[in-house]
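The residues making up each chain are set out below.
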Amino acid sequence: MPLRIASYIGGILGLALLVGLFVRADLPAMLHTVDLAGWNLLWLVPYRGAFFLFYAIGWRALLRPYDPKSRASFSYIYWVTTVRDAIDRLLPVASVGGGVAAVRLMRWRGLPSIPIVVSVIVEILLTLIVVYVFTAIGLLLFLHLSATDGDYHRVLWAFLLSLPVPAVAALLARYGSVFKRLHGLLRPLVGERLLAEGAESLDQELIASLRRAGALLLAGGLQLVAFASAAFEVWFALRLFGHPISAQSAVALESLTQAARYLAFVVPAGIGVQEAGFVLFGHMLGLGADLALAVSMVKRLREVLCGVPSLVTWQWAEGRRLRNVRAGSS
């Protein structure tokens, strides 16, 4: 319930921020900029498949010890990855909503509940660490590009002061009986019944998973590659807009914008946060607000075009399963 309330409040504040940004922007000029790019922007939709591919390979590596017979095929894991991303990016839920659905969908393949939950928790932890690594790369690139005004120093200090967060999270997961200690927070992801009955087993399995260094390095490395690959969307869009930037600038802009979005994880779909990030960090690179908002608009459009088919197939699968259950009980 507290997470849901925080999500509602975050959504309202994010929407207000988004409206404020667009009110101050030159909307006709922004739409004209997007129109200049034309249908070539649609190439970003199939390109997004690479992002899901990296995540799916990493998740498969985390699940392999529990699914040696591949009851969940790689294509199925890939599909669940797209559904999970679509839920987090398009539906009015906090960023754990996709993880809850992923646990349910993976259980359809007969995998035990505890390993699935643990794999999702480990992925979330790896994402937290990768976000910090990617942010550090972005900050170094801003320094290399000499884009270090007052805003840069404020972001740098915020990054440095929050550095203990991923370290503490990793230590808690490794040594802190996290499922026992964070019962209320993890209830939406794990489920009341499973958490009540198997908190100790969940903690033991989490510790075991965190000892598999090879799988962790592979999954974390692929997540970092996935994050970096998303910078191509920024580079490609700005080139089509007639304002090309270097690959370094694209990575720097993408890294800090995504860091802001993940930091504000309670804001559904990062609404307003992503746009503000592009405006703020784009300004540090010499991009005008209208151009930065146009880039964010393109990324939002890509999210919709990639996410809606996943959500539709998910609901179709849920409906078919429900019909099969009813047919079997009749």
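First things first, this report covers the structure right here in the doc. (Residues numbered from 1 in each chain as written. Predicted model: local features only at pLDDT ≥ 70, side-chain atom pairs only at ≥ 80, totals over all residues. Heavy atoms only, no water.)

## As for the environment of Val295
- Structurally, Val295 can be placed in helix α16 (residues 289–329).
- Considering only alpha carbons, one finds Val295 and Phe241, 54 residues apart in sequence, at a separation of 9.0 Å.
- Beyond its immediate chain neighbours, meaning those up to four positions away, Val295 contacts Val234, Leu238, Phe241 and Phe278. (Helix = DSSP H or I, 4+ residues; strand = E, 2+ residues; numbered from the N terminus. Contact = heavy atoms within 4.5 Å.)

## A look at empty space enclosed by the protein
- All chains considered together, the criterion is met by 4 cavities of 30 Å³ or more.
- When its volume is computed, the largest cavity comes out at roughly 80 Å³.
- Lining the largest cavity are 13 residues, and of these Arg48, Arg89, Ala230, Glu254 and Gln258 sit closest to its centre.
- Of all the secondary-structure elements, those providing two or more residues to the lining of the largest cavity are α3 (44–63), α14 (247–263) and α16.
- Considering each element in turn, the lining of the largest cavity owes the most residues, 4 residues, to α14.
- Looking at the lining of the largest cavity residue by residue, the class counts come to 4 nonpolar, 2 polar and 7 charged.
- The space that makes up the second largest cavity amounts to roughly 50 Å³.
- Lining the second largest cavity, in full, are Phe52, Thr82, Asp85, Ala86, Arg89, Leu90, Arg302, Glu303, Cys306, Gly307 and Ser310.
- Elements with a minimum of two residues in the lining of the second largest cavity: α4 (74–90) and α16. (1 Å grid on protein atoms, 1.4 Å probe; cavity = no way out; pocket = protein on both sides within 12 Å on 5 of 7 lines; lining within 4 Å. Points joined across faces, edges and corners; volume = space filled by probe spheres on them. Nonpolar A, V, L, I, M, F, W, Y, C, P; charged D, E, K, R; others polar.)

## Thoughts on the packing of aromatic side chains
- Throughout the structure, instances matching the rule amount to 11 aromatic pairs.
- These aromatic residues form a ring-pair network of at least three members: Tyr47, Phe232, Trp235 and Phe236.
- The ring of Phe51 carries the charged tip of Arg48 above its face, separated from the ring centre by 3.8 Å.
- Directly above the ring of Tyr76 sits Arg109, whose terminal nitrogen or CZ lies 3.8 Å from the centroid. (Phe/Tyr/Trp six-rings, centres within 6.5 Å; stacked < 30°, edge-to-face > 60°. Lys NZ or Arg CZ within 6 Å of the ring centre and 35° of its normal.)

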